[in-house]
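# Structural overview
Listed here are the chains, written in short residue letters.
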Amino acid sequence: MVIDTKTEEANLQAPNTAEATLAVQGMTCASCVARIERGLKKLPGVADASVNLATERATVQYAPGQVSVDDMVRKVSDLGYSATPEQSQAAPLYDDADVSLDVTGMTCASCVARVERALKKVPGVKDASVNLATERATVQYDPMQAGITEMLAAVDKAGYGASPRAGEGLGSGMDDRDDRERASRRSEFNRQRNLLILSAALSIPVAILGMFLMQVVPNAQYIVMGLSLPVWVIVGWQFHRVALKNLRHFSADMNTLVSLGTTSAVVYSLYSLVAHGEMAEMYFEVVAVIITLVVLGRFLEARARGRTSEAIRELVKLQPRTATVLRNGVEEQIPADSVLPGDLLVVRPGEKIPVDGVVVEGESSVDESMLTGESLPVEKRPGLQVIGATINGQGLLRFRATRVGRQTVLAQIVKMVEDAQGSKAPIQALVDRVAGVFVPVVIGIALVTFALWWGFTGHIEQAMLNAVAVLVIACPCAMGLATPTAIMVGTGRGAEKGVLIKGGSALEQANKVTIVLLDKTGTLTRGKPSLTDVIPLNGIPKEETLRIAAAAESGSEHPLGRAIAQAANGATSPLVTGFKSITGQGVSATIDGRRVLVGKPSLLGSEGISFDAGIGPMEELEKSGKTAMLVSAGGGLVGVLAVADTLKPESAQAVAALKALGVKVAMVTGDNKRTAQAIASQVGIDQVYAEVLPQDKANVVKALQTEDKVVAMVGDGINDAPALAQADLGIAIGTGTDVAIAASDITLMSGNLQGVVEAIKLSRKTVRTIRWNLFWAFIYNSLGIPLAAVGLLNPMIAAGAMGLSSVFVVTNSLRLRKA
């Protein structure tokens, strides 16, 4: 038995651990990230903490009995930042649902018992608990059997009043969350804009005076000082405030560099002005321009970073605002977030389906492209599932709500994308290690620069300028944003294409894949048999052969028989009597007074019917991987039929595209070798593993891994879950089972194999973007710091370059939106 931690984590969380997500404000660079992570990990009971600069979130694994979320918030505050706990945006999918009802009219314990009994008698209700003090009933039920209307009627019949608790159907809070996040980003954008306007308004005159008019304007040095100090105090306070908090904890970050550099220049300028008057060496204009350029960088960065979460906003916009619910035979228009599991809803042509459910009445086609990426509409009829946020076609549908709020497919997708965007790629570990020591090293370099210049030249002014340039050019913002912004945009782009990537690790791993192992049934093929060939014999028309064969199979429960019966849909049904299924042989029936047999040659032979004319066609059909059957009527052979699990139309194209990417492709299946080889040859696969038992698929993956191959496994069924978990990269077909999806790293919502190609292409583009981001971030500092230390970089130019480096990294990542 194969057990993998990925599978375990996908199916349940350890009972003694919990996960908290905090929205963190005030981070500016990679050293901020490293500092918060170190601080959170020091809390007793915190098992792990991961902070993402691009999403401004911290994810903490902790033991609830040892540490609380409030402790984490206080710790972040002590470190000089602010944090706000976030509620989970999605919940696991359950077969049963829970609802709370407000109950009126209860006066004693017997009332409680009576209401509970009434609710438990409702078909589909699993349990009911009533609280007299809160006047609330909590009901666990099967939404496919019970609805809120039936519960309310039962309580009313018992002599009491009941109504759903306000907001009970909300669950997801996606709109509220989106509004809060956009408001927060808008607030930061506006703050930086206002500071930039103030700073620029004061700094531009300072720069002009300081560079060109100091000898012309009377008392110019005092005017420059008067205009510069508000920039240093008011606009620069956001740097000084965090730097002071850092000092209390003997740590430093980007704010420390800016604050220390500008403060040093201000202190020296004030000293020189007092000591030398008009002959003073002052650098107030340097301070004003540096702070203005740094704020300009933050302003541009805030503007660009607001676009990185566009994918989530677009997903949230898919959620319809209203729903038409049928209660007590009356249609009501209600907010979509007030829909409850079990409600009966009505969706008219052209309307969006508000929540997930199962069709109970009507037929229509539904456009699911916004979630699956599949352009063709999907036919819906009673018994089939519908997905919230998809668009109904021409027919009117009535369906029973099964998943609402946090449980809908859309909410799950939003949550998965959020988690992926907040995750870290393994390549980020290098950045984290560097960031942990970067700022202290830079301060050391600045001090050495100052000491050497002063010691060898005796010019304290030049020594100070060079030290300030070192401090300002070395801001590690670009390093901190290089990886998370690319992950954010890459996973968001994948979601738009119907490729759900569970995290930065999966996105990076897809770039390394050397071989893709494809399951056959349901992955390369449609997963259900269909009629492929009708070969009439002995002068019988093709249509007649199919008509009588389909009539004979109309009573069969076997998948092959159903495929034949469905192929003749629409043909005139003859009178069928005496149907009999012969296990392992076929079926027999009397049709229009004639004895009809459909099945193996042995079935016809047992009735003394000659079948020699059908052996040749049968063998040819079986060579191509099809299941062939003979058809006889009235004691004579009338034809040969072939049924097969047909290939998906895009399978061959996807295999060719994978090969074009330099990725090897292999197939694994439990089918016999002849069928497997036939299917493989049709799609261009050379490497085939046939007759593999479900439990042995993981062993095939292991064998490939021992050959130093990086394996991506693609599957859709429960029997694929161990192999998906064992693989370096598990890719689940979204039309498959929940177990397979849970064990995978990537989910293809549409079931289209082209999604595998898209995932690998997107991964390669994202990793390439990350590497370029890191290259420019590291080369920027590698070249900038030495240039500043030897006096070849003016502090003002250094400040501008520092701000633009962060903007470059973010805008470079945004190019992935067009990938």
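Residues numbered from 1 in each chain as written. Predicted model: local features only at pLDDT ≥ 70, side-chain atom pairs only at ≥ 80, totals over all residues. Heavy atoms only, no water.

## Considerations on the pattern of salt bridges
The final tally for this structure, using the stated rule, is 16 salt bridges. Salt-bridge contacts for Lys41 lead to Asp48; the nearest nitrogen and oxygen are separated by 3.9 Å. When the shortest N-O distance is used, the salt bridge between Arg348 and Glu331 registers 2.8 Å. Of this pair, Arg348 sits in the loop between strand S11 (344-347) and strand S12 (356-361) while Glu331 is found in strand S10 (residues 330-335), placing the two residues 17 residues apart along the sequence. Each of the salt bridges in this network shares a partner with another, and the network as a whole consists of Glu544, Arg547, Asp592 and Arg594. (Salt bridge = Lys/Arg side-chain N within 4 Å of Asp/Glu carboxyl O. Helix = DSSP H or I, 4+ residues; strand = E, 2+ residues; numbered from the N terminus.)

## Here we look at the environment of Ser805
Take Ser805: it is sitting in helix H29 (residues 795-814). Judged by its relative accessible area of 11%, Ser805 falls in the buried class. Considered as a pair, Ser805 and Trp776 are 29 residues apart in the sequence and their alpha carbons are 8.0 Å apart. (Buried < 20%, exposed > 50% of the residue type's maximum accessible area, 1.4 Å probe, protein only.)

## Section: unusual backbone geometry
Phi is positive for Asn538, close to 55°, though the residue is something other than glycine. Phi is positive for Asp592, which is not a glycine, with a value near 50°. Looking at the secondary structure, you find Asp592 in the loop between strand S22 (586-591) and strand S23 (594-599). We classify Asp592 as partly exposed; its relative accessible area is 47%.

## Digging into a nonpolar patch on the surface
A surface patch of nonpolar side chains, about 600 Å² in accessible area, is lined by Ile204, Ile208, Met211, Phe212, Leu213 and Val216. Considering the arrangement of structural elements, one finds Met211 in helix H6 (residues 174-213). For Met211, a relative accessible area of 45% gives the class partly exposed. (Patch = residues over 30% accessible without salt bridge, like charges linked within 9 Å, V, L, I, M, F, W, Y side chains within 5 Å. Areas by Shrake-Rupley, 256 points an atom, 1.4 Å probe, with all protein chains shown as cover.)

## Some details on the sheet that holds strand S7 (residues 136-141)
Two orientations exist for strands paired in a sheet by backbone hydrogen bonds: parallel and antiparallel. Ordered in space as S6-S7-S5-S8, the 4 strands form an open sheet in which the pairing is antiparallel. The two strands at the open ends of the sheet, each matched to only one other strand, are strand S6 (125-131) and strand S8 (161-164). Going from strand to strand, the sheet's axes swing by 25° on average, the running direction of each strand aside. Direction of pairing for S6 relative to S7: antiparallel, over a ladder of 6 bridges. Following the sheet pairing, Val130 is matched in S7 by Ala137. (Pairing = 2+ DSSP bridges. Axes fitted to C-alpha atoms, helices over the stretch in contact; angles between N-to-C directions.)

## A closer look at the pairing of S10
Alignment of strand S9 (residues 322-327) against S10, held across 6 bridges, turns out to be antiparallel. Paired with Leu326 across the two strands is Glu331, which belongs to S10. Counting the residues that bridge the hairpin from S9 to S10 gives 2 residues, and of these Asn328 lies at a positive phi of roughly 55°.

## Some thoughts on the packing of aromatic side chains
Taken as a whole, this structure holds 5 aromatic pairs when the rule is applied. An angle of 75° between the planes, with centres 5.1 Å apart, marks the rings of Phe775 and Trp776 as edge-to-face. The class for Phe775 is partly exposed, based on a relative accessible area of 39%. An angle of 80° between the planes, with centres 6.2 Å apart, marks the rings of Trp776 and Phe808 as edge-to-face. Of this pair, Trp776 sits in helix H28 (residues 754-789) while Phe808 is found in helix H29, placing the two residues 32 residues apart along the sequence. A residue is classified by how much of its surface remains accessible, and Trp776, at 40% relative accessible area, is partly exposed. Overall, the relative accessible area of 37% leaves Phe808 in the partly exposed class. (Phe/Tyr/Trp six-rings, centres within 6.5 Å; stacked < 30°, edge-to-face > 60°.)

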